[in-house]
Amino acid sequence: MGRDEALGSTVLTDSEQVSQATTQVVDPRRSGKAVTAWLPFVLLPTSLILWLSSVGSIDMAAMNDYGLVSVLPARIWAALILLILSFAVCWRRFNPAGALLALHIVLFIVMFYGIPAVAGDSPRGPIVYRHAGITEYLTRIGIVDTKQDAYLNWPGLFMGLGWTVKIGGMPSALALGKWATVAVNLMYLPPLLMLLRALTRNSRLIWAAALLFFVLNWVNQDYLAPQSITYVFYLTILTLVLTYLRPLGVVDSAQPRGRLGAPVKGSVGASQDERLASRWSRWLPTFRPGPLPHDVPETAVGGTTGVLVAITVIVLFGAAVTSHQLTPYAVFSAVTLLVLTGHCRVRGLPVLMAVILVTWTIFVAGGYIDGHLSKIATSTGLKTSAASNVTGRLTGSNQHQLVVWERVVFTATAWMLALAGAFYRFRSRHRDYAAALLAVAPMPLFLLPYGGEVLMRIYFFMLPFVAFFAATLFVPDATDAPTTESSVAGALRRTRDVILFGGIASILMMGSFVARYGNERMDYFTPHETAAVKELYQLAPRGSWLLAEVGYLPWRYQDYEWSRTDPSLAGHRYLSLAQEWDLDPTRSARDMAVWTAETLRGNATAGRPPGFLILSRSQRAHEEILGGLSQTAMDDYERILVRSGKFQLVYANEDAKIYARVQESKR
Amino acid sequence: MKRLRWTGLAAILSGVVLVMALALPPGSGWRAAAALVFVSICPGASLVPLLGLRDRAMELVLVLPVSFALVILVAIALFYSELWSPERQLAVLLAICAGGLAARLIRPSTSSQSPA
């Protein structure tokens, strides 16, 4: 059985050679299949034209708390639905063309994830700007001061990114921020296809799952950030393990199997290197090898190649450990589960991963862990995670609450589809044990102290396997049978499948769109806001304290560092009024105005420049959407500050104002 | 040169283009593009064929993650040893790529065809 047929290329399995022979006998024109052959060439350009003709006309400033959906032209919806239908037509053809299906998915990624990049003016969300600031700081200083920020305990990606920015002569990492979401989703596609190929060789199932992965990915973890790049490592590691590091010689569960290093009939033999590795791991327990799915050929390799693949896995894991707090734990959990259930023969892999993780945590991130031990201890556990991930998020304006509930229902729907698919697959005696294990492997992450986003991360790590099982509902085994393809019944069945898959995928896409872009009113930054922050950096000398109502604005992309004692490390001190207000919600607007004036005056009298206050549209949107400071409280606060005479308006445009703290003469 | 195949040629090309692009002034789009292509291709394309996977599709898929991982790990090593500079990191990465390509020329030939 070949390896590439699963993705629609020319190498064929024995059964598909028979299938192709059948298609060669039946003339596509006479069998009515010509329609399905040319239909994508009409639907695809139409979809593209509709999208291109309307995406530039989106009025981002007119959004309400439902997000981007509130201003989305009907033509964009039509474009996305036509694209999915075109995909479904290609996908349901008797012999789907891999290149054409890949083109559909690439276009879907651009048209679905690229809307804010085309319609907006700058990278969305404040975190991208912060990441650009960390990157700039690291490459300017050239050393790592872990006391500055928790991020600097996992600086791998920022360093790699910083080098790319420097060597490419780019002004800032922000240059990559706007299209990063599209770029990283395009990066996910190849390893995702390979991962799915390691789970099944049914090409229709692989492509359906690939499309569903991108349709269901609403969680917004794919911007210029460590988790988005380390997700590529996650997919690649699982692909390598499931393709090459399965037990050697496993063709059927009834066959005898050997341990790591034992030369097994029908497999690539073990080398001296691998026998050595086997001796080292002799003290580890041996697990009964897990069975392969029935349609997946044996691709496990031993010998030097096996050892080199294991080393590659460790290299990728090492890069993930240095770059992100959570992803290595997801990889570790998945690989450990695969080893324990006999789906990976390299029993030492989880041990080595644990050693790398512990070493990094103790010797590099130890300072952060020590300094935040009490916070970590209080934010760990099922109850705390449930509160911050579920109940804590069901707040905000009425429109936003509807979006949050839609996210909950959408996520539950995705999981239910996957559950139904898994039920069907196991009922029909498929052996998708590895996929099922990997779908539940991220669950323990819920216990980690990762705040209100861990559930979204878990969803993201589960997504390839959720998409796989959800896709199995649309690819029953009967669709592979070639005998009825030319009959009227076959044509009707194909039409039904196209409508069913295209229709459900379109509905899911619409749900995903609402969920993904539900915060867009605050994630989107206008040119006036970015201009105001640029002006702020012009006005504020290094060492200034910069205060915002809430830190939801495009700042911190420069002068990131702060030190109270070392003037060379005094970029800016960034403060948020909402954070202070959270500490004592009973404070009045007057109290907060007094606090603002005193805080910034204190800095000025300490021999530093006076502070600045920046108020902007996105901050107001954030507080209105998520239900923080009320509109009246914010207006009162600003009015009191102005009347106090201690603040002077130094810059204003349509969407932002900057006030400078007036230097008071010493008495 | 036959042993280097397309991956070797892509690695050499991306490395040469980046070195040449360094002559362009900062802010040049061509220089940025050359850096991005190098980061995405060169280290991975130099080393991945050494695995001997005999599967071109998988080799192609591995090029980008391996490249990213090596760029990150080299940066980490240089930063924590307080030796980092953009030029030094470029030199180390070019040395790794050259080493990988040399190893491919020296070691016994392995076919990288997809088995039928």
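Rules used in this analysis
Residues numbered from 1 in each chain as written. Chains lettered and ligands numbered in written order. Predicted model: local features only at pLDDT ≥ 70, side-chain atom pairs only at ≥ 80, totals over all residues. Heavy atoms only, no water. Helix = DSSP H or I, 4+ residues; strand = E, 2+ residues; numbered from the N terminus. Buried < 20%, exposed > 50% of the residue type's maximum accessible area, 1.4 Å probe, protein only. Contact = heavy atoms within 4.5 Å. Areas by Shrake-Rupley, 256 points an atom, 1.4 Å probe, with all protein chains shown as cover. Phe/Tyr/Trp six-rings, centres within 6.5 Å; stacked < 30°, edge-to-face > 60°. Lys NZ or Arg CZ within 6 Å of the ring centre and 35° of its normal. Salt bridge = Lys/Arg side-chain N within 4 Å of Asp/Glu carboxyl O. Buried area = accessible area lost by both parts, 1.4 Å probe. Polar contact = N/O pair within 3.5 Å; in protein donor to acceptor, adjacent residues only side chain to side chain. Axes fitted to C-alpha atoms, helices over the stretch in contact; angles between N-to-C directions. Parallel < 35°, antiparallel > 145°, perpendicular 65-115°, else oblique. Nonpolar A, V, L, I, M, F, W, Y, C, P; charged D, E, K, R; others polar. 1 Å grid on protein atoms, 1.4 Å probe; cavity = no way out; pocket = protein on both sides within 12 Å on 5 of 7 lines; lining within 4 Å. Points joined across faces, edges and corners; volume = space filled by probe spheres on them. Patch = residues over 30% accessible without salt bridge, like charges linked within 9 Å, V, L, I, M, F, W, Y side chains within 5 Å. Pairing = 2+ DSSP bridges. Core = buried A, V, L, I, M, F, W, Y, C linked by side-chain atoms within 4.5 Å. pLDDT = per-residue confidence, 0-100. Expected span 1.5 Å × (residues − 1).

**Points about the overall build of chain B**
Okay, step 1: Helix and strand counts for chain B stand at four helices and zero strands.
Okay, step 2: Along chain B, helices and strands appear, N-terminal first, in the series α-α-α-α.
Okay, step 3: Across the 116 residues that make up chain B, the buried fraction comes to 51%.
Okay, step 4: Put simply, of all contacts in chain B between residues at least 6 apart along the chain, 65% involve residues at least 24 apart.
Okay, step 5: In the structure as shown, chain B presents an accessible area of about 5300 Å², 73% of it carried by carbon and sulfur atoms.

**Describing the overall build of chain A**
Okay, step 1: Secondary structure assignment for chain A yields 28 helices and five strands.
Okay, step 2: Contacts spanning at least 24 positions in sequence make up 78% of the contacts within chain A whose residues lie at least 6 apart.
Okay, step 3: Only carbon and sulfur atoms are counted for the fraction: they give 63% of the accessible area of chain A, which is about 26000 Å².

**As for the packing of aromatic side chains**
Centre distance and the angle of the planes are the two values used to describe a pair of aromatic rings.
Residue and element names in this part refer to chain A.
Okay, step 1: Counting across every chain of the model gives 31 aromatic pairs over all chains.
Okay, step 2: With a centroid separation of 3.9 Å and 10° between ring planes, the pair formed by tyrosine 231 and phenylalanine 460 is classed as stacked. Of this pair, tyrosine 231 sits in helix α11 (residues 226-244) while phenylalanine 460 sits in helix α21 (residues 454-472), and the two are 229 residues apart along the sequence. For the residue pair tyrosine 231 and phenylalanine 460, the accessibility class agrees, reading buried in each case.
Okay, step 3: Judged by centre distance (4.9 Å) and plane angle (75°), the rings of tryptophan 555 and tyrosine 574 are edge-to-face. Pair noted here: tryptophan 555 is in the loop between β1 (545-548) and β2 (573-576) and tyrosine 574 is in strand β2, with a separation of 19 residues, a long-range link.
Okay, step 4: Relative accessible area serves as the criterion here: at 4%, tryptophan 555 is assigned to the buried category.
Okay, step 5: You can call tyrosine 574 buried: its relative accessible area is 13%.
Okay, step 6: These aromatic residues form a ring-pair network of at least three members: Tyr188, Phe213, Phe214, Tyr231, Tyr234, Phe460 and Phe461.
Okay, step 7: A cation sits over an aromatic face here: arginine 573 above tryptophan 545, 5.0 Å from the ring centre.

**Overview of the pattern of salt bridges**
Pairing between side chains of opposite charge can happen when the charged atoms of each approach one another.
All names here are of chain A.
Okay, step 1: What the rule picks out here adds up to 20 salt bridges over all chains.
Okay, step 2: In this structure, the salt-bridge partner of arginine 92 is aspartate 497, at a minimum N-O distance of 2.7 Å. Taken together, the residues arginine 92 in the loop between α3 (74-91) and α4 (98-113) and aspartate 497 in helix α22 (residues 488-516) connect sequence positions 405 residues apart.
Okay, step 3: Three or more residues are tied together by salt bridges with common partners; here these are Glu136, Arg140, Arg542, Asp559 and Glu561.

**Let's talk about the interface of chain B and chain A**
Okay, step 1: With 42 residues of chain B at the interface, the matching set in chain A holds 48 residues.
Okay, step 2: Summing both partners gives a buried area of about 3700 Å² for chain B against chain A, and 79% of it is carried by carbon and sulfur.
Okay, step 3: Applying the counting criterion to the chain B and chain A interface returns one salt bridge.
Okay, step 4: Put simply, Arg197(A) and Asp55(B) hold a salt bridge, and the shortest N to O gap is 2.9 Å.
Okay, step 5: Across the chain B-chain A interface, the total number found is six residue pairs in polar contact (both at pLDDT 80 or more).
Okay, step 6: Within the residue set of the side of chain B that touches chain A, elements represented by two or more residues are α2 (29-47), α3 (56-80) and α4 (86-106) of chain B.
Okay, step 7: Residue contributions to the side of chain B that touches chain A peak at 16 residues, all from α3(B).

**Some words on the packing of helix α6 (residues 126-141) of chain A against helix α7 (residues 156-167) of chain A**
Residues and elements named next belong to chain A.
Okay, step 1: Running from N to C, α6 and α7 point in directions that differ by 75°, and their axes come no closer than 9 Å. Comparing the axis directions of α6 and α7 gives the class roughly perpendicular. For the pair α6 and α7, the contacting residues are His131, Ile134, Thr135, Leu138 and Thr139 in the first and Phe158, Met159, Leu161, Gly162, Trp163 and Lys166 in the second.
Okay, step 2: Class assignment of the residues belonging to the contact of α6 with α7 gives a composition of six nonpolar, four polar and one charged.

**Brief notes about empty space enclosed by the protein**
All names here are of chain A.
Okay, step 1: In the structure shown here, the tally under the stated rule is two cavities of 30 Å³ or more.
Okay, step 2: Considered as a void within the structure, the largest cavity measures approximately 160 Å³ in volume.
Okay, step 3: Forming the walls of the largest cavity are 20 residues, and the residues nearest its centre are Pro116, Ala117, Arg124, Lys178 and Thr181.
Okay, step 4: Within the residue set of the lining of the largest cavity, elements represented by two or more residues are α5 (115-119) and α9 (180-197).

**Looking at a nonpolar patch on the surface**
Residue and element names in this part refer to chain B.
Okay, step 1: A contiguous nonpolar surface patch, about 370 Å² in accessible area, is contributed by Leu9, Ile12, Val16 and Met20.
Okay, step 2: Mapping methionine 20 onto the fold places it in helix α1 (residues 5-21).
Okay, step 3: Assessed through its relative accessible area of 59%, methionine 20 is described here as exposed.

**Overview of the sheet that holds strand β4 (residues 647-652) of chain A**
Whenever strands of a sheet pair, they do so through backbone hydrogen bonds, lying parallel or antiparallel.
Residues and elements named next belong to chain A.
Okay, step 1: With respect to topology, five strands assemble into an open sheet ordered β2-β1-β3-β5-β4, the strand pairing being mixed. Here the strands that pair on one side only, and so sit at the sheet edges, are β2 and β4. Averaged over neighbouring strand pairs, the angle between their axes works out to 25° when direction is ignored.
Okay, step 2: Taken together, the five bridges between strand β3 (residues 612-616) and strand β5 (residues 656-661) define a ladder with antiparallel strand orientation.

**Concerning the nonpolar core**
Okay, step 1: Core analysis: the largest hydrophobic core is formed by 179 residues, its most contacted members being Ile58(A), Phe108(A), Leu212(A), Phe214(A) and Leu349(A).
Okay, step 2: For this core, the element with the highest residue contribution is α3(B), accounting for 16 residues.
Okay, step 3: If you look at the next biggest cluster of nonpolar residues, it comprises 31 residues, including Val128(A), Tyr129(A), Leu161(A) and Phe525(A).

**A closer look at the confidence of the model for chain A**
Residue and element names in this part refer to chain A.
Okay, step 1: Mean pLDDT over chain A: 83, with 80% of residues reaching 70 or higher.
Okay, step 2: Here residues 1-5 is modelled with pLDDT under 50, and outside its nearest four sequence neighbours on either side it reaches 30 contacts, counting other chains as well.
Okay, step 3: The low-confidence segment residues 251-268, where pLDDT is below 50, has 33 contacts with residues more than four positions distant or belonging to other chains.

**Some points on the pairing of β4(A)**
Residue and element names in this part refer to chain A.
Okay, step 1: As defined by bridge partners, β4 adjoins β5 across five bridges and the pair is classed as antiparallel. Across the sheet, glutamine 648 pairs through a bridge with alanine 660, a residue of β5.
Okay, step 2: Adjacent in sequence and paired antiparallel, β4 and β5 are bridged by three residues.

**Structural notes on helix α10 (residues 203-216) of chain A**
Residue and element names in this part refer to chain A.
Okay, step 1: An ideal rise of 1.5 Å per residue puts 20 Å on 14 residues; α10 measures up with 20 Å between its terminal C-alpha atoms.
Okay, step 2: For α10, the tally of buried residues reaches 14 of 14 residues, placing the bulk of the element in the interior.
Okay, step 3: A side-chain oxygen of the first residue of α10 lies 3.0 Å from the backbone nitrogen of arginine 204; this N-cap is asparagine 202.

**Let's talk about the environment of Tyr637(A)**
Residues and elements named next belong to chain A.
Okay, step 1: With respect to the secondary-structure elements, tyrosine 637 resides in helix α28 (residues 631-644).
Okay, step 2: Between the C-alpha atoms of tyrosine 637 and proline 449, which are 188 residues apart in sequence, the distance is 35 Å.
Okay, step 3: Each residue touching tyrosine 637, except ones within four places of it in the same chain, is listed here: Leu547, Glu549, Leu577, Ala589, Met592, Ala593, Thr596 and Leu613.

**Concerning the environment of Gly490(A)**
Okay, step 1: If you trace the backbone, Gly490(A) turns up in helix α22.
Okay, step 2: Remark: the alpha-carbon pair of Gly490(A) and Thr146(A), spanning 344 residues in sequence, is separated by 64 Å.

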